[in-house]
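# Structural overview
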Amino acid sequence: MKKAWITPDIRTKAQQLLARLSLEQKAGQMTQYDWGFNPINPDTGLSQRDVISEQIAQGHVGSVFNLAGAEEANRLQKLALGEDGEGVPLLIGRDVIHGYRTVFPIPLAQASAWNPALAGATAAAASREALADGVAWVFAPMIDVSRDPRWGRIAESIGEDPYLASAYAEAWVRGSQIDGDGKGNDDGDGGDGSGDGVGADTAVASCPKHYAGYGLAEAGRDYNTVDLSDRVLREVILPPFRQAVEAGALTIMASFNEVNGVPACANRYLLTTILREEWGFEGVVASDYNALQELITHGVAADEEEACLLALRAGTDVDMASGIYIRHLPRLVREGKVPESLVDEAVLRILAVKLKLGLLERPFVAPSDYATDERLPAEHIALARQAARESIVLLRNEGGVLPLSKSARAIAVIGPLADSRKDPLGCWAFDGRPDDVVSVLEGVRQAADQEAVVSYAKGCEVDSDSASGESDLAEALEAAGKADVVVLALGETFEMSGEARCRTNLDLPGGQRRLVEAVSKLGKPIVAVLLTGRPLAIPWLQEYADAIVQAWHLGVQSGHGIADVLFGDYNPGGRLTATFPLNVGQVPIYYYRKKTGRPPGGVYTSYYLDSSTDPLYPFGFGLSYTSFRYGEILCAKPRVALGEAFELSAQVTNTGDREGEEVVQCYVRDEAASVTQPLKKLVGFRKIRLKAGESEVVTFVLGEESLAIIDADMNATVESGDFTVWIGPSSAEGESVRLTVEAPAQ
Ligand code: NOJ
């Protein structure tokens, strides 16, 4: 456990620094500005940057974000250090969500790989590139459990499951907090550039977000209110954050939303009672953008002064963007409305992070190849391709239409996303360049045999009717008519998911359905490739498409990753981490649901008059070009005493004729507990690779962590009684066994 990282040495140095600061400079350390937001003040004629620069020079700013590159970073650091070089360097932040220059798949896609270590590697690569531009604080990972595909930020999430999100939280934090000597590379100083949580040489801080409950916005509308019970908070929402803290996250971002009536950055229960007192978090809590100001909009603070006091007392150390701390804190301390010691505690934490990151010794960066080269680093391109292909989920493959034969004579690649280089970058890819992206069309062209004719037609726009609508469609039909197989690249633009990008309609937007229907009339085999930032509700597509490939927004190597799967150079092993609903009316729909008290069947059961309650595709689901058979679950000791663990195993065999990957999933249900339990919850998984005919015995050990419930007093505890455990290929399938934890003898 690395969460305790403030060593006596760091503490002493932070105290010495603190002692040099005026009250204004202390409030300055707690102030972060958005350098990218630069309006001109009509009264003074000064730009926002002019004003911030002046404040930086006085030591009244501790952090900035949204800078453009190393040169600007160094210039501002020089300003912060001052003429005498005695000032405190800035902590430069950035939303490095799924890559920097090298854009990797969106987090929801990376989650579908069920490969946290791979996500850790992409996070480390992103941090190396960002650090070369002076960024020492990445606002990632986003580990909000998300159960609503209408919510645009589901794209940035790990999906709906707390256990999987916890595994990714740990890997992502450790990955992004790279070692480094300011260059982010291994130069033999002991840092290996790979990231290992809080190492001796940590150079980048991660910022898990949004703490807490932001993913549960009512009706899937971003920033909407959240009604969150303490039970859901502790069972579902907090585990990934706790894991991130255990992994050594140096900072954390409080969410915009309220929790139990109190917006997160004013919520002492969240920021102090749980985070610091229960979990021992030593790092820095930052607010989300302008969230201190929003305490007034929320209606919990009458004015800026009250907002300032609420946030400080709750435990918010850094005020992102509002400027409220610097405007009010010094005066409030002088007036005796808040003790200076509270300010000192917050500033001490901020200075400790800066010391930990080595900013005092290395405030400047030497621009490296990452930032200046026209080409992306080869090792990052390779990683991006690996991440892209592992993120893809095969949802349907009727009649074995996939993999495509490379010698197919004519392949038509059709659709509004087929030739797009911008959309595959996905949301939050400020530093990515469309020129670096391999489109679906290009990927297919490069992978197909030289003799094959790969034709292209757009077919329609993603989300609008264009003047050329009819001729676009005619062109598509002509291309499809001449082809042996049609690849339809459909989905959403990069702007349709991410922050403030919510939808009430989860169908393919615009005229895409019309395109599918028209092409299908030609009777050619159809492979639908879906480039989206969220699960869609598209049951109708199954009637038209022989194969459906969920390809998300996969970043710079999108086209290669997709072509690898389409032609079978890579056998898809991705599995969904967010349920695909049958229709919008089912939302929120997620596997981790509770029983109702109602008996099944009859009229007065929990069902819809006009829809099944089953999803289109369940959590954990995904196909392969091979098949796997699960053997019986073996458990040598199906009855254990309280405090003991079960050891279970099942043999998994590749029964097909090609090598493939399987994600073996283990779920548990406590049959009768003191408080109601989900029907199933994920407690383990293994991604295995098996050659044709090969078998592997996969073992899970279920101890306290897997069997515990949160009881009525909110304590994690294992209760005696029966448990059902499944080992299988998705949340909807699998063999099960009944096990018993025996009650202690009276
Ligand atoms: C608001 C978003 O909620 C947060 O995720 C992001 O880090 C900040 N803006 C800064 O861009």
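Residues numbered from 1 in each chain as written. Predicted model: local features only at pLDDT ≥ 70, side-chain atom pairs only at ≥ 80, totals over all residues. Heavy atoms only, no water.

What follows concerns empty space enclosed by the protein. The probe, sized like a water molecule, is rolled over the atoms to show the empty space still left. Within the structure shown, the criterion is met by four cavities of 30 Å³ or more. Counted as a void, the largest cavity has a volume near 110 Å³. Around the largest cavity, the lining is made up of 15 residues, and of these Leu131, Ala136, Leu359, Arg362 and Val365 lie nearest the centre. The class makeup of the residues in the lining of the largest cavity is ten nonpolar, four polar and one charged. What the second largest cavity holds in volume is close to 70 Å³. Around the second largest cavity, the lining is made up of 14 residues, and of these Val96, Ile97, Ala123, Ala126 and Trp172 lie nearest the centre. (1 Å grid on protein atoms, 1.4 Å probe; cavity = no way out; pocket = protein on both sides within 12 Å on 5 of 7 lines; lining within 4 Å. Points joined across faces, edges and corners; volume = space filled by probe spheres on them. Nonpolar A, V, L, I, M, F, W, Y, C, P; charged D, E, K, R; others polar.)

Here we take up the site of the ligand. Close to the ligand lie Phe65, Asp95, Phe139, Arg153, Lys209, His210, Met253, Phe256, Asp288, Tyr289, Met320 and Glu499. Contact between the ligand and aspartate 95: an oxygen atom at 2.5 Å from a side-chain N or O atom of the residue. Compared with its free state, where it exposes 300 Å², the ligand has 95% of that area covered by protein. When grouped by side-chain class, the residues that make up the shell around the ligand number six nonpolar, one polar and five charged. (Near = heavy atom within 4 Å. Polar contact = N/O pair within 3.5 Å; in protein donor to acceptor, adjacent residues only side chain to side chain. Areas by Shrake-Rupley, 256 points an atom, 1.4 Å probe, with all protein chains shown as cover.)

On to the packing of helix 3 (residues 48-57) against helix 4 (residues 70-81). Helix 4 packs onto helix 3 with a crossing angle of 45° between their chain directions and a minimal axis gap of 7 Å. Compared by their axis directions, helix 3 and helix 4 come out oblique. Counting all contacts with helix 3, which are made through Arg49, Ser53, Ile56 and Ala57, the residues of helix 4 involved are Glu72, Leu76, Leu79 and Ala80. In terms of residue class, the contact of helix 3 with helix 4 is made up of five nonpolar, one polar and two charged. (Axes fitted to C-alpha atoms, helices over the stretch in contact; angles between N-to-C directions. Helix = DSSP H or I, 4+ residues; strand = E, 2+ residues; numbered from the N terminus. Parallel < 35°, antiparallel > 145°, perpendicular 65-115°, else oblique. Contact = heavy atoms within 4.5 Å.)

As a further point, take the layout of surface pockets. The space that makes up the largest pocket amounts to roughly 1200 Å³. Contributing to the lining of the largest pocket are 36 residues, with Ser166, Arg234, Pro239, Gln243 and Glu705 lying nearest its centre. The set of elements that each furnish at least two residues to the lining of the largest pocket consists of helix 7 (162-176), helix 8 (230-246), helix 9 (268-278), strand 22 (681-690), strand 23 (695-702), helix 21 (704-707) and strand 24 (709-710). Here the element with the most residues in the lining of the largest pocket is helix 8; it accounts for seven residues. Residues that form the lining of the largest pocket fall into these classes: 19 nonpolar, six polar and eleven charged. The space that makes up the second largest pocket amounts to roughly 880 Å³. Around the second largest pocket, the lining comprises 31 residues; the ones closest to its centre are Arg593, Lys594, Ser606, Thr613 and Leu679. The residue inventory of the lining of the second largest pocket, partitioned by class, reads 15 nonpolar, nine polar and seven charged. Among the domains, domain 2 (378-586) and domain 3 (628-742) are the pair contributing at least three residues each to the lining of the second largest pocket. (Domains from an automatic or database assignment.)

The subject of this paragraph is the nonpolar core. Counting residues in hydrophobic clusters, the biggest one holds 211 residues, and the most contacted among them are Val64, Tyr211, Leu402, Ile411, Ile414, Val527 and Leu566. In terms of residue count, the dominant contributor to this core is helix 13 (residues 340-356) (nine residues). In this structure, Val683, Val737, Leu739 and Val741 belong to the second largest nonpolar core, which totals 27 residues. (Core = buried A, V, L, I, M, F, W, Y, C linked by side-chain atoms within 4.5 Å. Buried < 20%, exposed > 50% of the residue type's maximum accessible area, 1.4 Å probe, protein only.)

Note that every value here comes from positions in space, so none of it alone points to a role or purpose.
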